[in-house]
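# Tertiary structure, described
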Amino acid sequence: MCRIAAIISEDKASLSRRVSQMNEAMRRGGPDDEGIFVDETLPVALGLRRLSIIDLSYAGHQPFHSRDGMLTLSFNGEIYNYRELRQELQRLGYIFSSQSDTEVLLYAYAAWGTGCLSKLEGMFALVLLDRRNQTVVAARDHAGIKPLYYGTKGGDLYFSSEVRGLLSVDPGWPQNQRWPIWFLSFGFMPEPHTTLQNVWHLPKGHCLVYDLQAHQYKIHAYEQPVFTSDITSYPEAVAAVNKHVLEAVNKHLLADVPVGIFLSGGIDSSILTLAAQRMYPDQLRTLSIYFEDEAYSEKYYQDLVIRKTGVAHQSYKVGQEEFTSCLSDIYRAMDQPSTDGINTYFITKYAKEYGLKVVLSGLGADEIFGGYPSFSRTASVQRARRLRMLSHLVPLVTGRYPLKKMAYLREDRWYNDYLLNRGLLTPDDVADILHVNKQSVIEELATYPEIPGLSRLSPGNRVSAWETDIYMQNQLLRDSDIYSMWHSVELRVPFLHKPLMNLVRQIDPAVKFGKRPKQLLIDAFREELPEEVWKRPKQGFTFPFANWFKKIPAFQNRYVPSRWRKKFRRGQINYSRVWAIFLTRSFGSIWPLNLDKPSRKIDTVFIYLAAFSRTGGIEKVNRAILKVLADGFTDRRVSQAYGVYDDFVDARYFPRYLFNGFSGKRFFFLCYLLLKPIPWRHVIVGHVNLAPAVRLLLWRKPGLKITVITHGIEVWKPLSRSKQRMLQRADRVISVSDYTKQQLIEMNGVRPERITVQPNSLDPFYVPQLQEGRPAYLQRRYGYLPTDKIVLTVARLNSQEQYKGYDKVLMAIAELYKKNPHLKYLLCGKTDVRELERINVLIDELGIREIVKLPGFIADDELVDHYALADVFAMPSKKEGFGIVFIEAAACGTAVIAGNGDGSKEALLNGEIGTLVDPDNVEALADAIAEALEQPRLKQQLGEKVLYHYRFEKYKDRVGELLG
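As a starting point, this report considers the structure included with it. (Residues numbered from 1 in each chain as written. Predicted model: local features only at pLDDT ≥ 70, side-chain atom pairs only at ≥ 80, totals over all residues. Heavy atoms only, no water.)

According to the stated counting rule, one finds 54 salt bridges in the structure shown. In this structure, Asp32 and Lys357 form a salt bridge, with 2.6 Å as the shortest nitrogen-oxygen distance. Of this pair, Asp32 sits in the loop between α1 (15-25) and β2 (33-38) while Lys357 sits in the loop between α10 (342-353) and β16 (358-360), placing them 325 residues apart in sequence. Accessibility expressed as a relative area gives 38% for Asp32, which makes it partly exposed. As a salt-bridge pair, Asp130 and Arg132 come within 3.2 Å of each other at their nearest N and O atoms. Taking relative accessible area as the criterion, Arg132 reaches 38% and is therefore assigned partly exposed. Among the charged side chains, a network of salt bridges with common partners joins Arg3, Lys146, Glu162, Arg164, Asp335 and Asp481. (Salt bridge = Lys/Arg side-chain N within 4 Å of Asp/Glu carboxyl O. Helix = DSSP H or I, 4+ residues; strand = E, 2+ residues; numbered from the N terminus. Buried < 20%, exposed > 50% of the residue type's maximum accessible area, 1.4 Å probe, protein only.)

Next up, the structure:
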């Protein structure tokens, strides 16, 4: 059992450092050994943290290399049939130097390629470098027991056992802003989604093959579950289940370290204990948890099995005090948000204290043998579906769950039966908590990919499929893995042994699902299993969380909105829902979370138009302001933020629990300001178009301090009386440049002493690319040669913003191309159809079609690489209030050319870090481009100078002081 990491990147100089950072972030999952491998010629690095289970010697060290050096493997998991495979490989002539399953897996791939994956019986995630075929292979086991994430950023591809491994390389990795919709709906993050942008789960039973020559990858399934009705005899099914369960337990006891069993007192763990005791009567150890509250205790049933088997057993009591003291550590352990798994945290914590390194869990039996109430509810759900009217009436009559979940019957979605049974919150409540439109919640959920073949299954098998592929896959298995590995304990699940799962899928549903839950499994072990264990009503492995959570100070503040706190206290929602709301508003935040104290008083609000739902300079300024406010939290001051057009906030910039997005609903935004209590003393206004909101707030609370931020074109003309009054009434107006300040004074009568000039900064998470070489993946994408000279413009391309000057750059390029056949022009940016047609006509008229590329919108994770790709960044704009894009490009050491008649000249420090030209003079622009192309690139010096002036830390200090 291990934690694995891998990177495919042409930035080879940093590969060792980055993969080492990933290893270190996952140290707790592999405390026994560490390995790092960076290939000398190929752009690949593999890493591993080892938890030694089989072959504890250094012979099991990873990454593991084949004898001929052509294969290198990082592998997490256990292959339970490795001894049989080893014998088969030895007959083929393979020689082994260790007793590890890792070496067997490596040579299985050597012999059979990716075809070896279907031969494996076990739990695993792996990344393998194959120099023979110039490929990297990543794969995940048949049941998804072991996690494997893959993510793309820029031109790099990452693999990691935990999402925190990716964040260790880049703490500023952009967040998937819509993840709270999925989490609040399900109570976990359903695959393939994660909380990060461009980071996904590799699906279970799938293999990813990356071609290092073609620089692309394909994902294909090597294992697909098939349900049949081959076994129709009940006695035959009973005998087969008994045989396969015993074989699975025997395989899962394989280890060179102590092995134990979680004994909860239920059917599944009791069967595991009874089966294992037959095989290891003198060595088996079990452990369990109990509580002072008898309503949650299963100690009586645990004792029945202990007395029957005579196993060495240890019980541990968990109470409110220990729960409270461990909650912060539970939060830190959580790699992805989940409402479950706290029980696994404690049982694995005690397993480690007990001296166990491997523990067996009964997870999986309910899903495949029909142990949940959902199996018996199917007919009732189908009847309710015919009465669609109830789905509208019942949620209105009651505010209580689970009846509120009948709202899921309104939509005809494949996953609604699951959400009706196990869903956490309805779309209405998700929208309310997140302050978004309900339709946007429904549309997001509608993208959830359907389980293959689900509609063709019988009712019982269909429930089994979604309990297995949704609930068990995304919550139980992931929580079990993350919390057990946090305590350096390997958790094994014999009921998910591949031969056993395949057998159960062959049993006719009428035989498999009896009147009593898990009747087939019970009958397979009826002679050994105490009757009192299987005759009692089903009880999950639960803690008295409802009582404990009510005493957590953090739950008494803004982490949970007041109306939901009241619902919790009244018993209208259970602890998992209030815990989910808490996690939604806090998870992923980079600010310390104090669970022991209530939140502090709010005295400032930042109202703005957009920061995350749109792109552009003003949006980047708003993000920077949000980060300044969040970093400035003190015991005396806390800020809120309202985004008129945003629906979500990236928690790297601002905490979710202090943010409200209004998704463009301006009337609703104004009504909210009209009705909401005003705790603030200070209102920061991100745009003059918000004057009506300011007027409303001042009417309600005349003494408010007002700070208005002005950017450029929006205030370079005489404004409406309402906007002028706001500017003239403001306690302070922050202008991004002297040019904008002069326009404010001349056009709108703002007194000079009220205006403070504060230049913009680089984004707090902007990391310039200062390496001398060009990003190879972009060179390949655009077909550029090393000798090419590249000019770049990044701007919105629409008829309202032709003042950006890209027409003039096209004309200048046409003149320069006559003398320089190696010249290339990249004109990047989102465009509308009409403007794109006009630009293409101009390109053809100028005769430069073969040297101009229009790649469209450039994502943030590639923007810095585009700056590094270019020799010159040219945008002779006429109406730049400041020009953040210029300092972004210059920070990468790229020569910058801008117009000389607006805020651009201040951004470029009056020509100190770039060239200023008359934006209407094509000849001067061409000369400036030609001169910049001929000068040697001094990237490091230019980049350092830009960072000195425009780093975010300096901006934060200045703006923080201005905002008080």
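Attention now moves to the environment of Tyr448. Looking at the element boundaries, Tyr448 is found in the loop between α16 (438-445) and α17 (459-486). Each C-alpha atom, one on Tyr448 and one on Trp182, is 9.5 Å from the other, the two residues being 266 residues apart in sequence. Excluding anything up to four places from it in sequence, Tyr448 contacts Trp182, Phe186, Pro190, Glu191, Trp414, Tyr415, Ile470 and Asn474. (Contact = heavy atoms within 4.5 Å.)

One open sheet accounts for five strands, arranged β15-β14-β13-β16-β17; its pairing is parallel. Each edge of the open sheet carries a strand with a single partner, namely β15 (312-317) and β17 (490-492). Each neighbouring strand pair of the sheet contributes to a mean axis angle of 30°, computed without reference to strand direction. In this structure, β16 lies alongside β17, joined through three bridges in parallel fashion. Its bridge partner being in β17, Leu360 is matched across the sheet by Arg492. (Pairing = 2+ DSSP bridges. Axes fitted to C-alpha atoms, helices over the stretch in contact; angles between N-to-C directions.)

Within the secondary structure, Arg131 sits in the loop between β6 (122-130) and β7 (135-140). Polar contacts involving the side chain of Arg131 include one to the side chain of Asp39, which spans 2.8 Å. Of note is the side chain of Arg131, whose polar atom sits 2.7 Å from the backbone oxygen of Gly69. Look past the residues within four positions of Arg131 in its chain and what remains in contact with it is Phe37, Asp39, Leu42, Gly69, Met70, Leu71 and Thr72. (Polar contact = N/O pair within 3.5 Å; in protein donor to acceptor, adjacent residues only side chain to side chain.)

Take the packing of helix α2 (residues 82-91) against helix α3 (residues 101-112) next. The contact between α2 and α3 brings their axes to 10 Å, and the two run at 45°. Between α2 and α3, the angle is such that the two are oblique. In this structure, α2 meets α3 at a crossing whose hand is left-handed. Of the residues in α3, those in contact with Tyr82, Leu85, Arg86, Glu88 and Leu89 of α2 are Asp101, Val104, Tyr107, Ala108, Ala111 and Trp112. Classifying every residue of the contact of α2 with α3 gives eight nonpolar, no polar and three charged. (Parallel < 35°, antiparallel > 145°, perpendicular 65-115°, else oblique. Left-handed = near helix turned anticlockwise from the far one by under 90°. Nonpolar A, V, L, I, M, F, W, Y, C, P; charged D, E, K, R; others polar.)

Take the pairing of strand β26 (residues 823-828) next. Within β26, six of the six residues are buried, which leaves it mostly tucked inside the rest of the structure. Covered by surrounding structure in β26 are Leu823, Tyr825 and Leu827 together with Lys824, Leu826 and Cys828, the residues of both alternating faces. Bridge count between strand β25 (residues 789-794) and β26: six bridges; the pairing is parallel. Across the sheet, the residue bridging to Thr793 is Leu827, located in β26. The β-α-β motif built from β25, the intervening helix α31 (residues 806-817) and the parallel element β26 has right-handed crossover chirality. Pairing geometry for β26 and strand β27 (residues 852-856), over three bridges, is parallel. For Tyr825, the partnering residue across the bridge sits in β27 and is Val852. (Right-handed = clockwise from strand over helix to strand, strands pointing away.)

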